[in-house]
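Listed below are the residues making up each chain.
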Amino acid sequence: MGEGTVKKIMYVNRKAPYGTIYALESLEVVLIAAAFDQDVSLVFMDDGVYQLKKGHQTKGIEVKNFQPTYRALDDYDVNKLYVEKEALEARGLSEADMCVPVEVKSAAEIGKLMEEQDVLLSF
Amino acid sequence: MAAIDVNGKSYEVDEEGYLVNLAEWDEDVGKVLAEGEKIEMTPNHWEVVNFLRDYYNEFQIAPAVRVLTKAIGKKLGPEKGNSQYLYELFPYGPAKQACKIAGLPKPTGCI
Amino acid sequence: MLHIVNKSPLERNTLDSCLAAAQSGAAVLLIEDGVYAATRGNAAESKLRSASERLEIYVLAPDLEARGMGASLTEGVKPVDYAGFVDLVVKHKNCQSWL
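In this text, all values refer to a predicted model and were calculated from it rather than measured experimentally.

*Asks:* Please give an account of the sheet that holds strand β4 (residues 78–80) of chain C that cites residues and values.
*Replies:* Residues and elements named next belong to chain C. Taken in spatial order, the five strands line up as β4-β3-β2-β1-β5 in an open sheet, and their pairing is parallel. Both outer strands of the open sheet, β4 and β5 (95–98), are each paired with one neighbouring strand and no more. Strand-to-strand twist in this sheet, taken as the mean axis angle between neighbours without regard to direction, amounts to 25 degrees. As paired elements, strand β1 (residues 2–5) and β5 share four bridges and run parallel to each other. Note that in β5 the partner of Leu2 across the bridge is Cys95.

*Asks:* Before we move on, could you go through the interface of chain C and chain A and cite the residues and values that matter?
*Replies:* Residue-level contacts link 17 residues of chain C with 18 residues of chain A. Interface of chain C and chain A: buried area, both sides summed, is about 1,400 Å²; carbon and sulfur atoms make up 47% of it. At the surface where chain C touches chain A, the tally comes to zero salt bridges. Put simply, chain C and chain A have eleven residue pairs in polar contact (both at pLDDT 80 or more) between them. Contributing elements (two or more residues each) for the side of chain C that touches chain A: α1 (14–21) and β5 of chain C. Taken together, the residues of the side of chain C that touches chain A sort by class into seven nonpolar, eight polar and two charged.

*Asks:* Can you lay out the packing of aromatic side chains for me, pointing to particular residues and giving the numbers?
*Replies:* How two aromatic rings sit relative to each other is set out by the distance from centre to centre and by the angle between their planes. One pass over the full model with this rule turns up six aromatic pairs over all chains. An angle of 75 degrees between the planes, with centres 6.3 Å apart, marks the rings of A:Phe44 and A:Tyr70 as edge-to-face. On the criterion of sequence distance, the pair formed by A:Phe44 in strand β2 (residues 39–44) and A:Tyr70 in helix α2 (residues 67–70) is long-range, its members being 26 residues apart. Its relative accessible area of 0% is what places A:Phe44 among the buried residues. With 4.6 Å between their ring centres and 55 degrees between their planes, B:Tyr55 and B:Phe59 make a pair best called tilted. Linking B:Tyr55 with B:Phe59, this pair stays in helix α2 (residues 43–59), spanning four residues, or about one helical turn. Each member of the aromatic cluster is reached from another via a ring pair, and the members are A:Tyr18, A:Phe44, A:Phe66 and A:Tyr70.

Thresholds, definitions, all that
- Residues numbered from 1 in each chain as written.
- Chains lettered and ligands numbered in written order.
- Predicted model: local features only at pLDDT ≥ 70, side-chain atom pairs only at ≥ 80, totals over all residues.
- Heavy atoms only, no water.
- Pairing = 2+ DSSP bridges.
- Helix = DSSP H or I, 4+ residues; strand = E, 2+ residues; numbered from the N terminus.
- Axes fitted to C-alpha atoms, helices over the stretch in contact; angles between N-to-C directions.
- Contact = heavy atoms within 4.5 Å.
- Buried area = accessible area lost by both parts, 1.4 Å probe.
- Salt bridge = Lys/Arg side-chain N within 4 Å of Asp/Glu carboxyl O.
- Polar contact = N/O pair within 3.5 Å; in protein donor to acceptor, adjacent residues only side chain to side chain.
- Nonpolar A, V, L, I, M, F, W, Y, C, P; charged D, E, K, R; others polar.
- Phe/Tyr/Trp six-rings, centres within 6.5 Å; stacked < 30°, edge-to-face > 60°.
- Buried < 20%, exposed > 50% of the residue type's maximum accessible area, 1.4 Å probe, protein only.

Shown next, in the form of C-alpha cells:
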C-alpha cells in the first residue's frame, strides 16, 4: 500500500471489559485491521481505562481473559495507546496500573488528537 | 460436530477441522491433524508449531502470518523468519495450517 | 469535526465526556435519548448553554418531537431534520459517536 493512502485511524474505547462485548470486539477489529498498515491509535476513556487495569482473572466467570492480547499489539505495530487522565483519577487508578505502556493525556488533549483523524471507530 | 480419532480416543473438531478444546492437544493429536493437512512433520515443522503454542499461551491469540514471520525471525533467526521458508513447511498458509496442527483456533485476521 | 451523542445525560456521562474532549468550534449533534439534554429544565441545561458558547449544538428534531419535547427546546440549540443530519456528516472532516 502506498504512502499516500495511509489514513489516521483512531479506536475510541469507553466501556469496561466483560460487562459488554465492546472491549473484545474492539481489540479483534484492531488486530484484523492491522493488516492494512494504517496509522493506528487507541484511546481509552471513561470506563474504557478498566480494560487495561492490570491483573484480570476471569476464571471465575468462565470468560476468556483477553488482557494478555493487549501485549501483542506491539507485534502488530500498534503502539500508540492513549489513556484519559481524568478517567484514571476518577477511578483511583494511575499509569502504573496499566498492563501495557501507555501515554496519559487529558480529555482535551485526546479531543485535539480526534480532530486530526481521518476515521474514528467507537466502541 | 465432527471428530478425529487419536489412539482410540475421540477429539472434537469444528467444521474447518480446528481442534475445539485446545487443552486436549498433545503431539499425537498434532500428528493426526498434520496427516489431515497432508504434512509430514519434521523437527522444523514442530519448531513452528511449538512456537505458535508458546505465542498463544503468552498472548491468547494465534498471530497473523505477518506477525508470525516477524516473531519467528526474532526468535529463530532471519533464515527462518521469512515467508518462503514458512510456506515451504506449510504450503497452504503457515498461520492457518500450523495453527490447526498446533490445536489453536484459526488466527485472528486470517482471510 | 462532528460529535454525536445519543444517550440521556441523566442516565450516562456520555455528554460530559463529549464536552470535555470537544475542541472549540466543533459541532455536537444530539440524537435519540441524547436530545433530552437540549430541553429546558433538564439538569444538563446550564451545561449545554455554556457549551453552546464555544460549540455549535444541534438536535435531531424528529427524535425531540417523538419524545413530546418539541416545545421545550433550549435556546441556542439548532434543530435539524434527517437531511440536516446528513449535511452535518458531509460537511465535517470526521465524526465521533459517543456510544
